[in-house]
Amino acid sequence: MWRGEYRFLLKNLILKDFRVRYRNMSLGVFWSLLNPLIMLGVYTFVFTKIFTTSTPHWGVFILCGMVPFNFFALAWSAGTTSMIDNAGLVKRVPVPREIMPITSVLSNCLHLLIQIALLLLVAMLSGITVNFNWIWLPVVWTLEVIFVCGLALFFAAVNVYVRDTRYVVESATLVLFWLVPIIYDFSMIPPQYRDIYQYNPLAALILAMREILLSARPPSHVLLEKLTAVSLISFGLGWMVFRRLKNRFYDYL
Amino acid sequence: MNVITCENVWKTFHRRSGQKLFRDHLASWFGGGDGESHAFHALKGISFQVANGESVAVIGSNGAGKSTLLSIVTGLTQPDKGSVQIQGRVAALLELGSGFHPDLTGRENIFLNAALLGFSEKQTRGMFDAIVEFSGVKDFIDEPLRTYSSGMGVRLAFSVAVNVDPEVLIVDEVLAVGDQDFQAKCHDRIRDFRRAGKTFLCVSHSKQMLLELCDRAVWLDHGEVVMCGKIANVFEAYEGRAALPK
């Protein structure tokens, strides 16, 4: 039915999100920097004064965990509520519905980009030199965005029918914070659990980033394959479920 | 040639479906069988056709199923039974300013809404000046929409919508906006649209406007077609019936 220009629509919806979010804040996009900086300060205090850690490049280590996790948590929850938040549009304008969850994930990419810039800056300040392996970074980040888009599509569709879904997502994010190697290293995980960790795309992403930035190594093939497979499966599954469920969105919104 | 064909269209809503909580799902999985008792039939076997270049009004009291019918014709939701076929490019204005956001400026809102209606960036730039001109809010175009008076906001929304140039225009109760001058401008625009041989389907409670803009009317009541025919005749019957004591 709708035969418009997807790129133009997507651009305008993303711009709307930015403008609405940042226009009324006096600090604007600096909030995206402030949040990880404060958390970095808190973690540094806890892990150098209370627990003692011997991890080299502590700042880079923790940011490699925090940056992808923050993006994941924000984009997942924004994506989950996207159909409800845009109920007015869904019920009145025949735009393709898939655009809503995807927009909410992509609008969070600005956040991600700012935090990535912070991470790279901290990396360079702590003496890590730019090297050829950094070309892998955009690859793994793209995979994460694809993975989160899949999640957002799936959970946005389910949330229309079962409104409690968003609370499940919120709780899951809290649990995931501890089950993903953010404040601890992959090597501290007992060997029998490591395989499972690698199938968690978020954990895999953090591992890949630490390999690239801290060990100056390209991520292992096995890791990349698992990350790619899970991201594509997530997107495909999310897309299929969304397509199946979208016909009755109107009745349930 | 028929541009819009509705055949035996049924639409049923389940009364609780607006707010489904987990316990309701559990109840329906385990308890079963409370489905039918909550069913509400919004449309019960609607059939009608709109021919190319025709202008048709849908009338009826509140809750008769008019908006549901337009939503189905527009493709926002699917009928439970029956079929709807549309030929040509459709533009639907079911609610003014659906995509408008109070924190965005008039200019930003125009671009956003044009994108939602399915225009390309180039087309939007091309008609931007015309939209602003038509709305008459030129001096405020870079101010946030929340600073507009409600009349100004509505005029802007309508100006974007009225510049749509589809083959079929579907409008739900949004033509009666703005002051008299603005309404006259809108009606002129619709008449131009009709003169260009395009198809028009609308819902309204404004008799005068419908008599002016439409040839035929479909009268809905409780999800059924009561009457279908020349607009003057349908209105006569409709008003005669409304005057009867229940």
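The rules we used
Residues numbered from 1 in each chain as written. Chains lettered and ligands numbered in written order. Predicted model: local features only at pLDDT ≥ 70, side-chain atom pairs only at ≥ 80, totals over all residues. Heavy atoms only, no water. Helix = DSSP H or I, 4+ residues; strand = E, 2+ residues; numbered from the N terminus. Rg over C-alpha atoms; globule rule 2.2 N^0.38 Å. Contact = heavy atoms within 4.5 Å. Lys, Arg positive; Asp, Glu negative; His and termini not counted. Charge placed at Lys NZ, Arg CZ, Asp CG, Glu CD. Buried area = accessible area lost by both parts, 1.4 Å probe. Salt bridge = Lys/Arg side-chain N within 4 Å of Asp/Glu carboxyl O. Polar contact = N/O pair within 3.5 Å; in protein donor to acceptor, adjacent residues only side chain to side chain. Phe/Tyr/Trp six-rings, centres within 6.5 Å; stacked < 30°, edge-to-face > 60°. Buried < 20%, exposed > 50% of the residue type's maximum accessible area, 1.4 Å probe, protein only. Lys NZ or Arg CZ within 6 Å of the ring centre and 35° of its normal. Pairing = 2+ DSSP bridges. Disulfide = S-S within 2.5 Å. Expected span 1.5 Å × (residues − 1).

Novice: What is the right way to look at the overall build of chain A in this model?
Specialist: What chain A contains, in helices and strands, is 13 helices and zero strands. In chain A, the succession of α and β elements from N to C terminus is α-α-α-α-α-α-α-α-α-α-α-α-α. A compact globule built from 253 residues would reach a C-alpha radius of gyration of about 18 Å, and chain A, at 19 Å, matches this within 12%. C-alpha extents for chain A along the principal axes are approximately 60 × 45 × 35 Å. In chain A, 78% of the contacts between residues at least 6 apart in sequence involve partners at least 24 apart. Taken as two groups, the 21 positive and 12 negative side-chain charges of chain A have centres that lie 8 Å from each other.

Novice: Can you walk me through the interface of chain B and chain A in this structure?
Specialist: Where the parts come together, the accessible area they lose is often given as the size of the interface. Taken together, the contact pairs 40 residues of chain B with 33 residues of chain A. Interface area for chain B against chain A, summed over the two sides, is near 3,300 Å², with a carbon-plus-sulfur share of 56%. If you sort the residues of chain B by the area they bury against chain A, Leu-76, Leu-116 and Glu-121 of chain B come out on top, with a joint share of 18%. Measuring nitrogen to oxygen at the nearest pair gives 3.1 Å for the salt bridge that ties Asp-251 of chain A to Lys-11 of chain B. Counting across the interface, chain B meets chain A through eight residue pairs in polar contact (both at pLDDT 80 or more). Contributions of two or more residues to the side of chain B that touches chain A are made by strand 1 (2-14), helix 1 (22-30), helix 2 (66-74), helix 3 (106-117) and helix 4 (121-135) of chain B. No other element matches helix 3 of chain B, which puts six residues into the side of chain B that touches chain A.

Novice: Looking at this structure, I do not really get the packing of aromatic side chains. What am I missing?
Specialist: The way to describe two aromatic rings as a pair is by their centre distance and the angle between their planes. Residue and element names in this part refer to chain A. By the definition in use, this model includes 21 aromatic pairs over all chains. When the centroid spacing of 5.3 Å and the interplanar angle of 45 degrees are considered together, the rings of Phe-72 and Trp-76 count as tilted. Of this pair, Phe-72 and Trp-76 both sit in helix 3 (residues 58-80), four residues apart, roughly one helical turn. On the basis of relative accessibility, which here comes to 6%, the residue Trp-76 falls in the buried class. Aromatic ring contacts, followed pair by pair, group Phe-72, Trp-76, Phe-147, Phe-154 and Phe-155 into a single cluster. Taking NZ or CZ as reference, Lys-91 lies 4.7 Å from the ring centre of Tyr-250, over its face. The ring of Phe-186 has Arg-194 sitting right over it, with the charged end atom 5.7 Å from the ring centre.

Novice: Any chance you could explain the pairing of strand 7 (residues 199-203) of chain B here in plain terms?
Specialist: Where a strand is regular, its side chains alternate between the two sheet faces. All names here are of chain B. By the criterion of burial, strand 7 is predominantly enclosed, with five of the five residues buried. In strand 7, alternate side chains face the same way, and those of Thr-199, Leu-201 and Val-203 on one face and Phe-200 and Cys-202 on the other are all buried. Pairing of strand 6 (residues 168-172) with strand 7, which is carried by five bridges, proceeds in the parallel orientation. The residue of strand 7 that forms the bridge with Leu-169 is Phe-200.

Novice: How should the state of the cysteines be read in this particular structure?
Specialist: Chemically, a disulfide is nothing more than a covalent bond linking the sulfur atoms of two cysteines. Counted by the stated rule, this structure contains zero disulfides over all chains. Lacking any disulfide linkage, Cys-64 of chain A is separated from the closest cysteine sulfur, that of Cys-109 of chain A, by 18 Å. Judged by its relative accessible area of 0%, Cys-64 of chain A is buried. With no disulfide of its own, Cys-186 of chain B has Cys-202 of chain B as its nearest cysteine by sulfur position, at a separation of 13 Å. In this structure Cys-186 of chain B comes out as buried when scored by relative accessible area, which is 0%.

Novice: Would you explain helix 5 (residues 150-162) of chain B in this entry?
Specialist: A turn of α-helix holds 3.6 residues, and therefore any two residues three or four places apart point the same way. Residues and elements named next belong to chain B. Compared with an ideal rise of 1.5 Å per residue, which puts 13 residues at 18 Å, helix 5 spans 18 Å between its outermost C-alpha atoms and is within 8% of the ideal. Every buried residue of helix 5 is accounted for by Gly-153, Arg-155, Leu-156, Ala-157, Phe-158, Ser-159, Val-160, Ala-161 and Val-162. Buried-residue contacts for helix 5 involve strand 5 (90-93), helix 3, helix 4 and helix 6 (180-195).

Novice: Would you explain the pattern of salt bridges in this entry?
Specialist: Any two side chains of opposite charge can pair, given that their charged atoms come close. If you walk through the whole model with that rule in mind, you get 19 salt bridges over all chains. A salt bridge links Asp-142 of chain B to Arg-107 of chain B; its shortest N-O distance comes to 2.8 Å. With Asp-142 of chain B in the loop between helix 4 and helix 5 and Arg-107 of chain B in helix 3, this pair connects stretches of sequence that are 35 residues apart. Three or more residues joined by partner-sharing salt bridges are found here, namely Arg-248 and Asp-251 of chain A together with Lys-11 and Asp-80 of chain B.

Purely spatial values, then, with no claim about function.
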